[in-house]
Amino acid sequence: MKAIWNNEVIAESNNTVVVEGNHYFPPDAVNKNFLQSSGTHTTCPWKGLASYYSLQVDGKINKDAAWFYPAPKEAAQQIKDHVAFWKGVTITP
């Protein structure tokens, strides 16, 4: 699977974990050069506290377009530190 935004491959892996229709990419499959830390957090009742990244590619920013769970609840341990995408990021095989 590939995560593509602004004509750049942000992440690529054959080992994504699909949860609620979202592909979570392993941490080492994500090009961290495109990630900017964000202060945004949301809470999922069964996964826990999510943290966000904004994407920066060729001077364009996609605010909070990626999220991850650094310390997920027990039911979501399989996605610990894995990164998922939205806000116009295309996920393709």
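Heads up: the structure comes first, above all this text.
Chains are numbered independently. Their residues run from 1 in the order of the written sequence. Reporting of local features is limited, given that this is a predicted model, to residues whose pLDDT is at least 70; pairs of side-chain atoms are given and counted only at 80 or more, and all residues count toward the totals for whole chains, interfaces and linings. Derived side-chain values reflect all non-hydrogen atoms in the structure, with water molecules and hydrogen atoms excluded from consideration.

Draft legend 1. Main features of the overall build of the protein chain. Strands are runs of DSSP state E lasting at least two residues, helices are runs of H or I lasting at least four, and both sets are numbered from the N terminus onward. Secondary structure summary: the protein chain contains zero helices and nine strands in total. Moving toward the C terminus, one meets the helices and strands of the protein chain in the order β-β-β-β-β-β-β-β-β. Values of the radius of gyration come from C-alpha atoms, whereas the globule rule sets the reference at 2.2 Å times the count of residues to the power 0.38. By the compact-globule yardstick of 12 Å for 93 residues, the protein chain fits well, its C-alpha radius of gyration being 12 Å. Oriented by its inertia axes, the alpha-carbon framework of the protein chain measures out at about 35 × 30 × 20 Å. Residues are treated as being in contact if the distance between any of their heavy atoms lies within 4.5 Å. Residue pairs at least 24 apart in sequence account for 43% of intrachain contacts in the protein chain once pairs closer than 6 positions are excluded. Summed over its atoms, the accessible surface of the protein chain is roughly 5,100 Å², and 50% of this surface lies on carbon and sulfur atoms. The Shrake-Rupley method, run with a 1.4 Å probe, gives the accessible areas here. Residue values count only the displayed protein chains as cover.

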